[in-house]
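# Chains, contacts and geometry: an overview
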Amino acid sequence: MLIDAKETQALADMLRINIAPDDAARLAEDMSSVLDYVRLLDEVDVSGVDPMEVGIGGYAELREDVPGESLPVEALEAMSGGAFDSQTEMFVTKPIFS
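The structure reproduced in this document is the subject of the present report. Treat the numbers as computed from the prediction; the structure is a model and nothing was measured. Every chain's residues receive numbers from 1 upward, in the order its sequence appears when written. Local features are withheld for residues below a pLDDT of 70 in this predicted model, meaning they are given only at 70 or higher, and side-chain atom pairs are given and counted only at 80 or more; totals for whole chains, interfaces and linings count all residues. The side-chain numbers reported here are obtained from all heavy atoms of the structure, hydrogens and water having been left aside.

## Looking at the pattern of salt bridges
Heads up, the rule is: A pairing counts as a salt bridge when a side-chain nitrogen of Lys or Arg comes within 4 Å of a carboxyl oxygen of Asp or Glu. The helix and strand labels rest on DSSP assignments: H or I over at least four residues marks a helix, E over at least two residues marks a strand, and numbering proceeds from the N terminus.
Applying the stated criterion across every chain, the model contains 2 salt bridges. A salt bridge links Arg26 to Asp30, with the nearest nitrogen and oxygen atoms 3.6 Å apart. Placement of both Arg26 and Asp30 in helix α2 (residues 21-42) is noted, with a separation of 4 residues, approximately one turn of the helix. Beyond isolated ion pairs, a larger network of salt bridges with shared partners links Asp23, Arg26 and Asp30.

## Re the packing of helix α1 (residues 5-15) against α2
Just so we agree on the cut-off: Axes, fitted as lines to C-alpha atoms, cover a helix only where it is in contact. Angles between the N-to-C directions of the axes lie from 0 to 180 degrees. Put simply, angles under 35 degrees are roughly parallel, angles over 145 are roughly antiparallel, angles from 65 to 115 are roughly perpendicular, and the rest are oblique. What makes two residues a contact is simply this: any of their non-hydrogen atoms within 4.5 Å. All residues other than Ala, Val, Leu, Ile, Met, Phe, Trp, Tyr, Cys, Pro, Asp, Glu, Lys and Arg, Gly among them, are scored as polar; the first ten of these are nonpolar and the last four charged.
Interaxial distance between α1 and α2 falls to 8 Å at its minimum, and their mutual angle equals 95°. Taken together, the axis directions place α1 and α2 in an arrangement best described as roughly perpendicular. Side by side, α1 and α2 meet where Ala5, Thr8, Gln9 and Leu11 of the first sit next to Ala24, Ala25, Leu27, Ala28 and Met31 of the second. Taken together, the residues of the contact of α1 with α2 sort by class into 7 nonpolar, 2 polar and no charged.

## Focus on unusual backbone geometry
What you tend to see is this: most non-glycine residues have negative phi, and most peptide bonds are trans. Cut-off, in case you're wondering: Accessibility here uses a 1.4 Å probe with only protein chains present; expressed as a share of the type maximum, an area under 20% marks a residue as buried, one over 50% as exposed, and anything in between as partly exposed.
With a phi close to 60°, Arg16 is a non-glycine residue in the positive phi region. Tracing the chain through its elements places Arg16 in the loop between α1 and α2. On the accessibility criterion, Arg16 (64% relative accessible area) is exposed.

## Concerning the environment of Met90
Relative to the assigned elements, Met90 resides in strand β2 (residues 90-91). Distance in space between the C-alpha atoms of Met90 and Leu76 is 9.8 Å, their sequence separation being 14 residues. Discounting residues that sit within four places of it in the chain, Met90 has contacts with Ala83, Phe84 and Asp85.

## Comments concerning the side chain of Thr8
Positionally, Thr8 belongs in helix α1. On the accessibility criterion, Thr8 (3% relative accessible area) is buried. Those residues within four positions of Thr8 in sequence are excluded, and the remaining contacts are Ile3, Ile19, Ala24, Leu27, Ala28 and Met31.

## As for the environment of Ala28
For Ala28, the position within the fold is in helix α2. Looking at Ala28, the relative accessible area reads 0%, which means it is buried. Considering only alpha carbons, one finds Ala28 and Glu7, 21 residues apart in sequence, at a separation of 7.9 Å.

## With respect to the side chain of Ser80
We count it as follows: As used in this structure description, the phrase polar contact means that two N or O atoms lie within 3.5 Å; if the pair is within protein, one of them must be able to donate a hydrogen and the other to accept it, and residues adjacent in sequence are counted only when both atoms belong to side chains.
Looking at where Ser80 falls in the secondary structure, it is placed in helix α3 (residues 73-80). Of the residues examined, Ser80 reaches a relative accessible area of 17% and is grouped as buried. A polar contact is formed between the side chain of Ser80 and the backbone nitrogen of Ala83, at a distance of 3.2 Å. One polar contact links the side chain of Ser80 to the main-chain amide nitrogen of Phe84, over a distance of 3.0 Å.

Structural measurements only, silent on function.
Here is the structure:
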């Protein structure tokens with residue numbers, strides 16, 4: 001197994017998600033299966049395949065960047081749930097870490 005329960009728990013801690021210790025072993029198996037599949041894909045010979053820019057084929061055309069009309073301040077205040085400061089015209093969010 002590529003990932004064990006201890007590494008799964010460490011990853012969950014970094015992502016700030018809670019997983020039960022009983023689930024850590026099952027999740028480790030699932031993640032190891034995914035990594036095994038990716039390792040299998042690494043063995044495929046792609047020497048004659050051109051790299052793709054877009055996964056669905058074709059070319060991703062970019063539109064011209066044209067400035068448009070901004071939303072009124074009242075609309076921004078209403079949509080932001082109080083996070084928009086009309087004095088500075090900036091969004092103020094709560095700190096993630098204190």
